[in-house]
Amino acid sequence: KKLGRVNEAIKAYDRALALNPSRQEVWNNRANALFEAGRWMEAEDNFRRLLEFNPSDEDALSKRGECQVRLDKYKDAAESFRRAAEINPTVFAYHYKRAKALMKVDDERSALESFRRAAAINPADADTQYQLGKLLYTAGDWQGAVDALEKAAVVPGFEDAQGPLGIAYSKLGKPEKAIAALRR
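A few points on the structure. In this text, all values refer to a predicted model and were calculated from it rather than measured experimentally. The numbers attached to residues start from 1 for each chain and follow its sequence in the written order. pLDDT decides what is reported in this predicted model: residues at 70 or higher carry local features, side-chain atom pairs at 80 or more are listed and counted, and totals for whole chains, interfaces and linings draw on all residues regardless. Side-chain metrics rest on all non-hydrogen atoms present in the structure, leaving aside hydrogens and water.

### Description of the packing of aromatic side chains
A ring pair, where both rings are aromatic, is described by two values, the distance of the centres and the angle of the planes. What counts as a ring pair is set by centres within 6.5 Å for rings of Phe, Tyr and Trp (its six-membered ring), and what kind of pair is set by the plane angle: stacked under 30 degrees, edge-to-face over 60, tilted for all other angles. Under the criterion given, the structure shown has six aromatic pairs. Summarising the aromatic geometry, the rings of Tyr 96 and Phe 115 are spaced 6.1 Å apart at their centres and angled 70 degrees between planes, so their arrangement reads as edge-to-face. Taken together, the residues Tyr 96 in helix H6 (residues 92-104) and Phe 115 in helix H7 (residues 108-121) connect sequence positions 19 residues apart. With respect to class, Tyr 96 is no different from Phe 115; both count as buried. Through pairs of rings, three or more aromatic residues link up here, namely Phe 35, Trp 40 and Phe 47. Geometry around Phe 35 places Lys 63 over its ring, the cationic atom sitting 5.1 Å from the centre. Numbering of helices and strands runs from the N terminus, with a helix taken as a DSSP run of H or I at least four residues long and a strand as a DSSP run of E at least two residues long. Think of it in three bands: with a 1.4 Å probe and only protein chains considered, a residue is buried below 20% of the maximum accessible area for its type, exposed above 50%, and partly exposed in between. The rule is short: NZ of Lys or CZ of Arg within 6 Å of the ring centre and within 35 degrees of the ring normal puts a charge over the ring.

### A few points about the pattern of salt bridges
Each reported salt bridge corresponds to a side-chain nitrogen of Lys or Arg within 4 Å of a carboxyl oxygen of Asp or Glu. In the structure shown here, the tally under the stated rule is 15 salt bridges. The shortest N-O distance in the salt bridge between Arg 48 and Asp 45 comes to 2.7 Å. Taken together, the residues Arg 48 and Asp 45, both in helix H3 (residues 40-53) and three residues apart, mark about one turn of the helix. Here Asp 45 falls in the partly exposed class, since its relative accessible area comes to 30%. Shared partners join several salt bridges into a network, and the residues in it are Asp 45, Arg 48, Arg 49 and Glu 52.

### Thoughts on helix H10 (residues 162-171)
Residues spaced three or four apart along an α-helix face the same direction, because each turn holds 3.6 residues. For H10, every residue scored as buried is listed here: Gln 162, Pro 164, Leu 165, Gly 166, Ala 168 and Tyr 169. Residue contacts are counted whenever heavy atoms from the two residues lie within 4.5 Å of one another. Contacts from the buried residues of H10 go to helix H8 (126-139), helix H9 (142-153) and helix H11 (175-183). At the exit of H10 stands Gly 173, carrying a positive phi of roughly 75 degrees.

In structure tokens, the structure reads:
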């Protein structure tokens, strides 16, 4: 039922754009309706058109990035989220989503920086701490890995943090903490 209303709204936006294709708010509404309908390719194109009106529209950049993720265009998504974060660097989601997209294209160095920014904004987010800890572990930054993984390991659902946490403690020469982490 809801999808039917969304599709009717899209048709109404199509009629409005046929009369006046320069109405930014209609492009915005159409892009969001396409997004809601799960029509990712069309939505991505509409957000691109919307950004022609206002290249600094952080919401359009973020939503375009979401479409690009769903279309497996991870490099493009990372760029969309980067631009959104450049406009408003205080939004956790832009940094977090950029980091996740960067992980999909194996750009761990850039993902690490984005996870660090996300963690600075929202240090309580367990997945951010877990992802950050794993990257620091891979980079051999044992203390950084311990700091992040300890924050994740106490949250239900992040028990997988215990293994790398124990090894990182071992690398730091803290066998008692290593054993305790591995036994949790």
